[in-house]
Structures are given as structure tokens and as C-alpha cells.
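Single-letter residue listing:
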Amino acid sequence: QVQLVESGGGLVQAGGSLRLSCAASGGTFSSYSMGWFRQAPGKEREFVAAISWTGSSTLYADSVKGRFTISRDNAKNTVYLQMNSLKPEDTAVYYCAARLGKPQGMGARYEYWGQGTQVTVSS
């Protein structure tokens, strides 16, 4: 089983930044596309960003384009989400996910999930 563990969440003011990390184990990390999703209280899970196994292809939700950057370090089995210019509406639990195949924005297509890390943005 592939195991994913997120970290880096916290409480920040609007306009601030956070960098989330997702450490993977139990599989061949470089074989997986990786994604970030988030879920706010009372709302559906939504796609945030994804990256191919080579890092050559990325996808972003329109709501975070220009503010968030996804990257990966296969030598460290880790994927990152740099979040800048944070807004209160970014408040959510952020989840890391992995899949065999191309990066895409449908959560059901991802096979492995972490437990999430809380991001809270104050106004």
C-alpha cells in the first residue's frame, strides 16, 4: 500500500503563505502522478493541483492559478504545494493523493490518499 502523509498546514492571515508537504512511502513514488485536493466544512471535496510523475505536466484549479504552485522531489518521495496570497476561502483540509496515470482533477481517479492537513486563513 502507498502511504501518504501531509504536513505544513496551519493558521495564517489573508495574504500570507504556507508550504504543504506530502511524504510518500510503500510504492515507487516516481511512477505516480500526485494531486492536492481540499475540503472545506460543509462543502464538497475539490481539486487544487496535480503533477505528473516527471514533473513536466501540471494542472491547477482556476481558483488557485497564479497563487499556488505544485512541485515534487522524487529523490525525497515528496510533493509540495506552495500557497501564496492566501484567501479566507482557501480554508480547508488539504489532502495529498496519488494515482497511476496522467494528472487530472477528478478525485475518484486517485487511488491513494493521505489523512489531510488543516489550513485556516483568517480575514
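Provided above is the structure to which this section pertains.
Residues numbered from 1 in each chain as written. Predicted model: local features only at pLDDT ≥ 70, side-chain atom pairs only at ≥ 80, totals over all residues. Heavy atoms only, no water.

Looking now at the side chain of E6. Mapped onto the secondary structure, E6 falls in strand 1 (residues 3–7). Within the buried core, E6 has no salt-bridge partner, and the shortest N-O distance to an opposite charge, that of R45, equals 10 Å. Within the structure, the side chain of E6 is placed 2.7 Å from the backbone nitrogen of C96, a separation counted as a polar contact. A distance of 2.8 Å separates a polar atom in the side chain of E6 from the backbone nitrogen of G116. Setting aside residues no more than four positions away along its own chain, E6 makes contact with S21, C22, W36, Y94, Y95, C96, G114, Q115, G116 and T117. (Helix = DSSP H or I, 4+ residues; strand = E, 2+ residues; numbered from the N terminus. Buried < 20%, exposed > 50% of the residue type's maximum accessible area, 1.4 Å probe, protein only. Lys, Arg positive; Asp, Glu negative; His and termini not counted. Salt bridge = Lys/Arg side-chain N within 4 Å of Asp/Glu carboxyl O. Polar contact = N/O pair within 3.5 Å; in protein donor to acceptor, adjacent residues only side chain to side chain. Contact = heavy atoms within 4.5 Å.)

In summary, soluble globular proteins display a tendency toward joint burial of nonpolar side chains. Judged by nonpolar contacts, the single largest core of 34 residues is most densely connected at M34, W36, V79, L81, M83 and Y94. Elements with a contribution of two residues or more to this core: strand 3 (18–25), strand 4 (33–39), strand 5 (46–51), strand 7 (68–73), strand 8 (78–83), strand 9 (92–99) and strand 11 (117–122). (Core = buried A, V, L, I, M, F, W, Y, C linked by side-chain atoms within 4.5 Å.)

Enumeration according to the criterion identifies one disulfide in this entry. Disulfide pairing is shown between C22 and C96; the S-S distance is 2.1 Å. A torsion of -80 degrees about the S-S bond marks the disulfide between C22 and C96 as left-handed. Of the two residues, C22 is situated in strand 3 and C96 in strand 9; the sequence distance between them amounts to 74 residues. Across the pair, exposure class does not vary: C22 and C96 are buried alike. (Disulfide = S-S within 2.5 Å.)

Moving on: the packing of aromatic side chains. The full count for this structure, using the stated rule, is five aromatic pairs. Pairing F37 with F47 gives two aromatic rings, centres 5.6 Å apart and planes at 70 degrees, and the pair type is edge-to-face. On the criterion of sequence distance, the pair formed by F37 in strand 4 and F47 in strand 5 is long-range, its members being 10 residues apart. The buried category is assigned to F47, whose relative accessible area is 15%. Ring centres of F37 and Y110 lie 5.1 Å apart, and the angle between their planes is 75 degrees; on these two criteria the pair is classed as edge-to-face. With a gap of 73 residues between them, F37 in strand 4 and Y110 in the loop between strand 9 and strand 10 (112–113) connect regions that are remote in the sequence. By the burial criterion, F37 is buried, and Y110 matches it. Here R45 stacks its cationic end above the ring of F37, 5.8 Å away from the centre of that ring. (Phe/Tyr/Trp six-rings, centres within 6.5 Å; stacked < 30°, edge-to-face > 60°. Lys NZ or Arg CZ within 6 Å of the ring centre and 35° of its normal.)

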